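# Fold and contact review
What follows is each chain in one-letter form.
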Amino acid sequence: MDAGASKCSVFAKFDVKSSSLYLHLCLQGAAALTLVWAVGTSVVVVTVEGRGNPPPPPAPVCPPHADQTQRPRPCVWASTQGNRDRFLNWLIEGCTAEPQGCGSRANGEHRHVEYEGYDGFYNNFARPSQGAVDTPLLRLLPPAYSDGVYLPANRTANPLTVSDQLMRGANGQVSRVGRTAFQVFFGQQVVEEILDAQGPGCPPEYFNIPVPEGHEYRTTHPGLSVLPLLRTRHDMTTGFSPNNPRQQLNEITPYFDGGLVYGTAKGWADVLRTRHDGTLAPNGQLAGHHQLGDGFPAQNTQRLPMANPPPPTNHSQFVDRGYTAIVDRFFKLGNPRGNENPFLLTFGIVWYRWHNEIAKKLYQRHRDWNSERIFNEARKWVIATYQALVMYDWLPKYLLEELPPYTGYKRTTDPQVSQIFQSAAMRFGHTLVTSGVHLRDRSTNGCNAVPYVLVPGQQHSGGVRTCNSFWRSPELFTNDPQNFERFLMGLSSQSTEREDNIIVDDLRGRVFGPLEFSRRDLMAVNIQRARDHGLPDYNTARRLFGLAPLDNLTPAEIRSKTNTMVPDEVLSRLGQVYSSPDEVDIWAGGLLETTNRPGQLFSSVIKNQFERARDGDRFWFENTLNDLFTDEERRRIRQIKIIDVLLTITDLLPGVDIQEDPFTAVRDGNDVSQECNDQLTRHTDCTPPMTSSPTRCRYLPQVSDGNTESCTPPETYDYFTGSRASYILTFFFVLAACVAILIGVLLKTRLMVRTETKKKFISMKAQSNVHKAKEKVSFRESRYVMIVLDATAQRIQVHDLHNHLLRSLDLRNVSELSVRHLRDYAQLVISIPNHYDLFLIFEDGFHGEKLYEDLQKMTGDLNLVFNPKLETLSSIRRGIITVYQREKQLAEFSRTVLQNAFGSRERAKATSNRLHVGMNVFLSMEITQTELASQLGMLPDSIFVQQLFRLMDVDGSGFITIKEFWDVMVVFAQGKPEEKARLIFNIYDLSHKGYISSQDLMSIVRSTLGAEGKNQDLNKVVNTMLASVGLSEGQTIDFEQFNRIFDLQGDIFKNINIDMNKEAVNRKSSRFSLYGAIPQGGFQGKAAEAARKEYEEAKQEVEEAADQKGKESDHMMSSLVEYYYVLVNKIRANIQYVFWGMLYTFVMLLIFVERAYYYSVEREHGGLRKIAGYGVTVTRGAASAMMFTYSTLLVTMCRNLFSVLRSTSLHRLFPFDYMIDLHRYIGFWALIWTLVHIIGHAINFYHISTQTPSDLTCLFRDFYRSTDVLPKFHYWCWETITGFTGVALTIHTALIYVFAYYGRRHLFQLFWLTHNTYPIFYGLMILHGSGRLVQPPFFHFFFLGPCVLFALDKLVSVSRNSIKIDVISAKQLPSNVTRLEIRRPPNFSFQSGQWVKIASTGIGEQEYHPFTLSSAPHEENLTLHIRAVGPWTNKLAEIYTDQPQGHKYPPIYMDGPFGEGHQTWWDYEVVVLVAGGIGVTPFSSILKDIAEKIRNSKTLLRTKKVLFLWTTRSQKQYEWLTDILREVEAMDKNNIIRTHIFITQFKSKYDLRTIMLYMAERHFQKVSGTSLFTGLRAITHFSRPSFTSIFQSIKNKYSSTSIIGVFTCGSPALSHSVELGCQEMNKSDGPVFRHYYENF
C-alpha cells in the first residue's frame, strides 16, 4: 500500500485461504466512504459518494509482497530505476520481492538435470526424430497436388488479383479489442520460434506468379511480367508417388525450446557466447556488443549464416556498387531472421537481456558453478518462462480464448507444425501488422514520439515505416541505443491494424524481395505458397475441421456460416475472383472469416497447433516427469507476465512509462503517466481481451500513408550487370592467347625455315651461271633447286641438290615467256605456254634480280617476247599452277584416255569420233616430253622416252595433244600383236633405218636400266641376247629377229600395255612369272651353276600364279562405287586398328551419352539443367569424355609394357603396333571434346552469371562466399579453382596442340618440351575437378589406372636413360643415311628387330627420337642407320660426320629397347619377312641375327628357312642394306635365307618400259649368276608381289610345318596385302600363317 493509506481511519489485513486480503476503510469527511481492498495482485477501490463535492482520486495502492507463492506486483520491485533483480529472487529462489530479498538464505539444493537439446532430437524417446530440425511439416489435410505427388495445386485465380480484390484498403485503422502492436510483433517472434519453412528448395524450382495486365508491377515498377517465387525445401525422400507425396520441411523445431534465443545447434549457441575478440563471455552469459555494451547482442563478426536479403531501400546503391549489405552488420541472435525488422529485433534483444539477467543472478547465488552450467541453467529458465509467457500471457489475448488446461506430457502427440498453420492460419497476424511503429520517449521526457536516423544526416519522423526498415534494423540501434526502450514503449502504445481483411501496403505489395524484384506482394506469396505445399481448398479445410462448408459464395452464405465481420462489399468480390467455394484458397477464405479474432477455421488451426506443441513437448515446464523444476518453481513460472521480463531488463517504470500489460491498450486499470496519456490522442471504444466490459482504449496516432514516408518503389536488377566486360575480355584473352601461340609457332617456324633456307643456300655449291632457289611445288611444300639457263639447248633446266634433272622448260616451240615478280625480286613466277608455272623463292632480292636479268637476256638472244609483271606479295600467288596441280591435271588426262582406250571397242570407237570432231574437255591440253617421262616413271632424256615422244608428236610441234596420245594408246589397247610388235620395233629403231644395231641395243638397255644397274659389262648381256637368235656381235636386228627374241619369253605382245599411274586404269595388272623359262643355252660356269641352284630352289619356294588377264568390263565403276571399294579396302588393311579404334570410340561416346543422359533426364530437376538448358548436358558429357581420352593417352605411351606384351599372344588381339596412331587418334578426340567443353561453358557461364546469388549458392554449394557478394562472371572464372584452372588448361591445351600440329617439324625441341609438360596438365585437371563446381570429382576413376601404368613404365625408362653412352664412330652412307656405332651399355640386352629412343647431347638432352637397331644381338656394339629427313636428323648428320678414328663425338642418352612384333621370329620353323621401303631397317638386324644363329647354333635354332621379300620403288634408296644383305649371303652357307627384291617403279612385265629390263636381267643372271641391279644372289623382280600366290607356293613346299611366321614392316597397304594372303592360306588345311606387322 502507498503512503496515502496512513491517513485513513482503519487498516486491516485478513488471510482468506491462500490469498491475502487487505481492507482499507477511509472516511473522508462527510462527502464519501472509500473502500480499498487488495486480493493477490489486484487492487479494487470503491468510493461511496455522500453529500458535497467529490474529492480528488486516491493515490495508487501497491500492497507489499508478503506471500512468496504469489507473483509480486511490478510496483513492489520496479518502482524505481535501481536494481531490478528482485523479481528474479522470487522467480528463481522463491524469495520475497521486497528489498531485503532472500537475505542470508542458504542456497537451495540444485541438482543436475537433463537439459533440453538444441535440434529437437530425442525429445520423444519413442520417436527420436519427431520434432527435430529439418523434418517434414505435419499434414492435417490431404495433399491436393495437381498430379497427386508434387506438382503445385492448380487453381485458376491469380494470387495478385486475389490480393488486389480482397485485401486492399486504407491503413491506419485501430483494433476493436484493444490489441497493441506489441502483441502482433510478439506474435511474429512466437511463430519464428516454432516455424521456419520459407527456405527455398535446392535445386531451385520456380513457381512464379504471373503479373496481370494493368498491375502496377507491369505498368510502373519493376516493369516485369512475372513475380519470381521459389518453391520451398522438401524432404528429398518424398514426392515420388501418391502414397508418398512431397513433404515440406520445418528447418527448426516445433518446440518452444529457445531456438529463437540460442539457435537450433550447439555450435550456433557457442558462437552467440563468443565475443568479437574470440573469447567466451563469462559466467554463462551471451556475448555483448563491443561498441554498444552488454545491453545488446554482439555484432556478427564471426559471420553466422543469418538471413541477409538486400534491404529494398538501398536497391540503387547495391546496383551501383555491385554488392549488397554485409552480414556482419547484424546482431548475433538465435533466430537467423531476427534482424528482419526493428520490431522483431527488439524482441531478440529482450530475450538476450533476459538470459544474461538470469545468468547473473545464478552466478551470484552459485559461485561454485562453472560457466557452462550457468549457461545451461539460465537457458532452462529462459525456455520455461518463454513457454509460460507465450501460452498463458500472449496466446489467450491473441485468440481471445484460453487453451484447455495442461494435463501432462503426451508422448503420442506430434508437436510438428501443420501445413495449414504454416501456409494460412499463422498468417492471420498479417492483417494486424501496422505500417510502422513510433519511437516513444519516457514519461520524464514528455512521452513524445521522437524522430530517428537510418542514414546519417537524414532524420525521419512519423514513426519507423515497416516497409522501409526491412533488413536495416541494426542501424536504428547502433545510431541510438535508447531506441530499444523507445520501441518497447512505442509498440505498447500503438494499436494494431483492425481485425479485418485489409492488409497494409507494407506487406501487400511492398514487402522485401530479392534484388531482381525488390518488393513483392506477401499476400500473393501466401496464396502461392499454399498451392506450392499442395494445400486443399477452403471448403475441404472447413469440412475436415468440423465446420460447415459453404454452399456458394454469396455474402449471406458466408456470413451465416462464418459469422464474419467483413463488409458485404468485400464478400461479394470473393465470388468474382473464385468460381466456387471449392476453388477458394484457404488463406483468402480464412481471412474473410475474421471477426475480432481469427475466424472459425484459423482459430481451430491455431489452437490445435499450440496445444500439440505444449502437450507433445517432454521438456515443457509444467511436465512433472522431466525433473527440470520443482512444483513451487513451476507455479512461479506459471504466473510470469511479459511486463516482468521488460522491467527486469530495462529501467522503465510500470504504470508510468509503460502499462502493466503491453499486449493490450492503455486504458483504465492498464494506465501510464498523465504525461504519456496526453500523447495518446487516438481514443476508441474497445473490449480488451479476456474481458467483457467495454472501455476506452488510448493509443498514439496510427502510422499510415498520411502521416509518414512512403514505401520506396519496387525495382529490378540484371545479374549480368558488371559481367559484360569481364566476359568479353576473358574470352578475348583466352582466344588471343591461343591465337598468339599459334601465330608465335608459325612465325617461329617461318623464322626457322628462313634460317634453314639461308643455311641451305649457303651450303649449295653452284657454278656462277647456276641460280639457287627454292621452288614451291604446292601451297605448303617446297624443294631446293638449281636453275640452269641453257641458251644453246633453248631450255630452262631445274635440278635438285644432287644435280638430278627435275624438269625442263623447252623454249623451242614457244614465242613468249612471262615473269611475274615482287618489287625486290625475292619471288619470281616463270610462265611458259603448255608448261606449269615455275614459282621460285630466293635467298634475297639480289639473286632473284640476277635470274630476272639473265632471263631477259636469254629471251632476247632467242628472239622470244619477254613479259614482266610487277606483283604484290598477295597477288603473286594467284592463278599459279604448281607441280602438284599439274600432276592432277595430267592424271585426269591419262585417266580419260586410258579408261576409254582400254575399255570396250565400242567405247574406244566413240572416243575416237569425239576426238576427231573436237569434243573433249582436254582437247586444248598439251603435254611435254618431260611430263610424258614423269607419267612413265622414266628420265626425260632416256632413249625410250625420246623415241616414244617422237612417235606421238606427229606434227613435230614439241608437244603431244590428246589426239596424238590417243592414237598410240589405242594401238596398245585394241591393236593386234603384230601391230604392237611393229610399234615397239619402231621405238627401238633409233636410226630410223628399219633395223636395230647392236650399239642401239646397248643404248636401249642402258637407258632403260637408268641408275638401277650395277657397273657391269653389258656387252656380254647384249651378245647373249644376239646369240639367242643366231646373230653375232656387230650384226643388225630386223623386225623378224626382234620378234623372235621376245617370243622366247612367251606371248608378250598379246598382253603388252603401258601403265601411266596407279589410278590410270581400273583393271587387273598382268604379271610375269618370277622364274619363267631358263635361257636357251643353259647356265655357264660356277656362277651360272650357283644361279641355276638358286633359281631351281626359288622356283619351288616362290612361284607366282600363271598370268591372268581379266575380261575387261564394258562398265566402268562410278566414282561412288570406286570410293566405296577404296574405303572398304582401307578398313580391311587396318582391321585390327579399326576394330579397337571403333571400340574405343564406342566406349568414349557411351561415356559422353551416359553423362548427357544423367544431366538431361536423371538430373532434369537438378537446377543447373534448368538454368543452362542442354548446355550442361553437353559440357558434362564432354568433360567425362575428356577425362577418358586424356587418361587413356597415357596408356598409349607405355612403350616398355608394350614391348613385353608384344612378345605374347596378345599381339594378335591388341594393336600394339598402332599405339602412336592411336595416340594421335585419341588426342584428336580429346581436342574435339575440349573444344566442345570450352564452347559449352562459354554459354553455361553466361547463363550462370545471370542467376540470383541464392540459386547459385544452392547449385554450387562448395563455392562459399559472403551473402553480400553478387557473383559475376569474373568471380566464377578467375576467383574459383575450377574457373582459373579451366583458363590455364585451355591455354596449356592450345600450347600442346599447336606445337604438336604446327611446330613438330621445325620446332621439335619446343614440341618435345611442351609435350613433356603433361604433369602440369594432369595436375591442373585434378585441381579443375577438385572445385566440385557441378559434381564431385571423379577424374581419378579414369586417371589412376593409366597413371600407375605410365609411372611404372616411366620409371623403367628413367632407370636406363640416365647414363651417357659414347658414340664410337659415325659414317655417312648413300641416300642421306648416317650410320652410328654406339658403345653397348653394360647388361644391355635386346632382341633383333627392337628399337630404341636416343637423345644427342650435341642437339638436346631431352629430345628423344625412335630408331630401329640395325645391329644384331651378338654384335659387340650397337648400330643405328638414320636417314636425314627432318630438322633433327639433318642436324644429327651435320654433327656425326665422317671423322678419323678416335674422334670424340657428342655422347647420347638411350632409352629402350622397345619391342615390335618382329622380335618373335625365332619361334617359327619357316619365317617370311616382308619389308616395304624404309621397313627394311628392323630386318637388317634380324637377318644378321639369323645368320649368326645358323652359323653358331645349328642344333639349337628352331628356324629352318627364312624368306626375305623386299619391295621398294628403287633399291638405290637403301644401298646400305645391300651391303648388309651381301654380308648375310656370305654368312649363310646353307642357303637358309632366301632374298627376293621387288622393284615397284617398273610396273609389270608387259609394260613397254620393262621389256628390255627382263631381257637384260635374265641374260645377265645367266652370265654372272648375280642380279644386274643389286649384285646379289637375290632374285630381282620388276613388279609388285602377289602374296596369295607366293604363300601358296610356300605352303605347298613346307606342308609339314605347323605354323609359318609372317612378319611385315611397311605401309598399311603392304600389311593389308600380306594379311589377305595369310587369311586366304588359313582357309584350307595345312600350315597356319601367323601374321605380325608394323606400319610406318
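Let me sum up the structure you'll find in this document. In this numbering scheme, every chain counts its residues from 1 along its sequence in written order. Local features in a predicted model are, by the rule used here, given only for residues with pLDDT of at least 70; side-chain atom pairs are given and counted only at 80 or more, and totals for whole chains, interfaces and linings are based on all residues. Only heavy atoms go into the side-chain values, all of them from the structure, while hydrogens and water stay out.

## Some points on the nonpolar core
Among the buried residues, those of types Ala, Val, Leu, Ile, Met, Phe, Trp, Tyr and Cys that are joined through side-chain atoms within 4.5 Å form a nonpolar core. Each residue is placed in one exposure class: buried if its accessible area under a 1.4 Å probe, protein chains only, is under 20% of its type's maximum, exposed if it is over 50%, and partly exposed if it falls in between. Phe 186, Trp 351, Trp 354 and Phe 610 are the most contacted members of the largest nonpolar core, which has 153 residues in total. Runs of H or I in DSSP of at least four residues are treated as helices and runs of E of at least two as strands, each being numbered from the N terminus. Here this core gets 16 residues from one element, more than from any other, and that element is helix α10 (residues 371-399). Between two residues, a contact is recorded if the distance between any of their heavy atoms is within 4.5 Å. Filtering out sequence-adjacent residues up to four positions away, Trp 351 remains in contact with Phe 186, Gln 189, Leu 260, Val 261, Tyr 386, Leu 389, Ile 642 and Val 645. Listed in part, the 38 residues of the second largest apolar core include Ile 1151, Phe 1216, Leu 1289 and Phe 1343.

## Observations concerning the packing of helix α4 (residues 181-194) against helix α13 (residues 483-493)
Helix axes are fitted to C-alpha atoms over the stretch in contact, other axes to C-alpha atoms as well, and angles between N-to-C directions run from 0 to 180 degrees. The geometry of α4 relative to α13 is characterised by a closest axis approach of 5 Å and an angle of 110 degrees between their N-to-C directions. By the angle between their axes, α4 is roughly perpendicular relative to α13. Contacts from Ala 181, Phe 182 and Phe 185 of α4 reach α13 at Leu 488, Leu 491 and Ser 492. Amino acid classes used here: Ala, Val, Leu, Ile, Met, Phe, Trp, Tyr, Cys and Pro are nonpolar; Asp, Glu, Lys and Arg are charged; the rest, including Gly, are polar. Split by residue class, the contact of α4 with α13 holds 5 nonpolar, 1 polar and no charged. Throughout this description, any angle smaller than 35 degrees is read as roughly parallel, any larger than 145 degrees as roughly antiparallel, any in the 65 to 115 degree range as roughly perpendicular, and the remainder as oblique.

## Let's talk about the sheet that holds strand β29 (residues 1367-1373)
By the convention used here, strands pair only if DSSP detects at least 2 bridges between them. Strand order in the open sheet made by the 3 strands is β29-β30-β33, with antiparallel pairing throughout. On the outer flanks of this sheet lie β29 and β33 (1422-1427), each paired with one strand and no other. Sheet twist, expressed as the mean angle between neighbouring strand axes with direction ignored, is 20 degrees. Sheet topology places β29 next to strand β30 (residues 1377-1382); 6 bridges connect them, and they run antiparallel. Looking across to β30, one finds that Ala 1370 is bridged to Leu 1380. Here helix α48 (residues 1431-1439) sits on the sheet in contact with β29, β30 and β33, set at roughly 120 degrees to β33.

## What about empty space enclosed by the protein?
Only protein atoms enter the 1 Å grid used here. Points where a 1.4 Å probe fits but cannot escape make up a cavity, open sets with protein on both sides within 12 Å along at least five of seven lines make up a pocket, and a residue lines them when an atom lies within 4 Å of a point. Grid points are joined across faces, edges and corners, and a volume is the space filled by probe spheres set on the points. One pass over the structure, following the stated rule, counts 12 cavities of 30 Å³ or more. Approximately 640 Å³ is the volume attributed to the largest cavity. His 1237, His 1241, Thr 1282, Gly 1286 and His 1328 are, among the 36 residues lining the largest cavity, the residues nearest its centre. Counting residues per element, the ones that place at least two in the lining of the largest cavity are α23 (724-763), α39 (1175-1195), α41 (1219-1249), α43 (1273-1278), α44 (1281-1302) and α46 (1318-1330). The element contributing the most residues to the lining of the largest cavity is α44, with 7 residues. Among the residues forming the lining of the largest cavity, the class breakdown is 22 nonpolar, 12 polar and 2 charged.

## Some thoughts on the packing of aromatic side chains
For this analysis, a ring pair means two rings from Phe, Tyr or Trp (six-membered ring only for Trp) whose centres lie within 6.5 Å, classed as stacked if their planes differ by under 30 degrees, edge-to-face if by over 60, and tilted for the remaining angles. Applying the stated criterion across every chain yields a total of 68 aromatic pairs. Centroid distance Phe 421 to Phe 610: 6.2 Å. Interplanar angle 80 degrees. Geometry classified as edge-to-face. Here the residue Phe 421 occupies a position in helix α11 (residues 419-423), and Phe 610 occupies one in helix α19 (residues 600-615), the gap between them amounting to 189 residues. A residue is classified by how much of its surface remains accessible, and Phe 421, at 2% relative accessible area, is buried.

## Some details on α39
Helix span, expected: 1.5 Å multiplied by one less than the number of residues in the helix. The end-to-end C-alpha separation of α39 is 31 Å, in line with the 30 Å expected for 21 residues at 1.5 Å each. Along α39, 19 of the 21 residues are buried, which leaves the element largely enclosed by surrounding structure.

## Notes on the state of the cysteines
Each disulfide is one covalent bond, formed between the sulfur atoms of two cysteines. Throughout, disulfides are identified as pairs of cysteine sulfur atoms within 2.5 Å of each other. One pass over the full model with this rule turns up 5 disulfides. Note on cysteine connectivity: Cys 447 is disulfide-linked to Cys 676, with sulfurs 1.6 Å apart. Of this pair, Cys 447 sits in the loop between β11 (436-437) and β12 (452-455) while Cys 676 is found in helix α22 (residues 674-679), placing the two residues 229 residues apart along the sequence. Cys 447 gets classed as buried once you look at its relative accessible area, which sits at 0%.

## Notes on the sheet that holds strand β32 (residues 1409-1412)
Taken in spatial order, the 3 strands make up an open sheet running β32-β31-β34, and their pairing is antiparallel. Two strands close off the open sheet at either side, each with one partner strand: β32 and β34 (1452-1458). Each neighbouring strand pair of the sheet contributes to a mean axis angle of 30 degrees, computed without reference to strand direction. Direction of pairing for strand β31 (residues 1395-1400) relative to β34: antiparallel, over a ladder of 5 bridges. In the strand pairing of β34, Ala 1399 is matched with Tyr 1453.

## Overview of the pairing of strand β36 (residues 1505-1512)
Along β36, 8 of the 8 residues are buried, which leaves the element largely enclosed by surrounding structure. Side chains Lys 1505, Leu 1507, Leu 1509 and Thr 1511 project from β36 onto one buried face, and the interleaved Val 1506, Phe 1508, Trp 1510 and Thr 1512 project onto a second face that is buried too. Bridge analysis of strand β35 (residues 1470-1476) against β36 gives 7 bridges, and the strand direction is parallel. Bridge assignment links Leu 1473 to a residue of β36, and that residue is Phe 1508.

## Here's the deal with the packing of helix α52 (residues 1587-1597) against helix α53 (residues 1612-1625)
Following both chains from N to C, one finds α52 and α53 inclined at 45 degrees, their axes separated by 8 Å at the closest point. Classed by the angle they form, the pair α52 and α53 counts as oblique. Crossing geometry of α52 relative to α53 is assigned as right-handed. Residues Phe 1587, Thr 1588, Phe 1591, Gln 1592 and Lys 1595 of α52 lie in contact with α53, whose contacting residues are Leu 1614, Ser 1617, Val 1618, Gly 1621, Cys 1622, Glu 1624 and Met 1625. Split into classes, the residues belonging to the contact of α52 with α53 amount to 6 nonpolar, 4 polar and 2 charged. Handedness of a helix crossing follows the sense of rotation of the near helix relative to the far helix, less than a right angle counterclockwise being left-handed and clockwise being right-handed.

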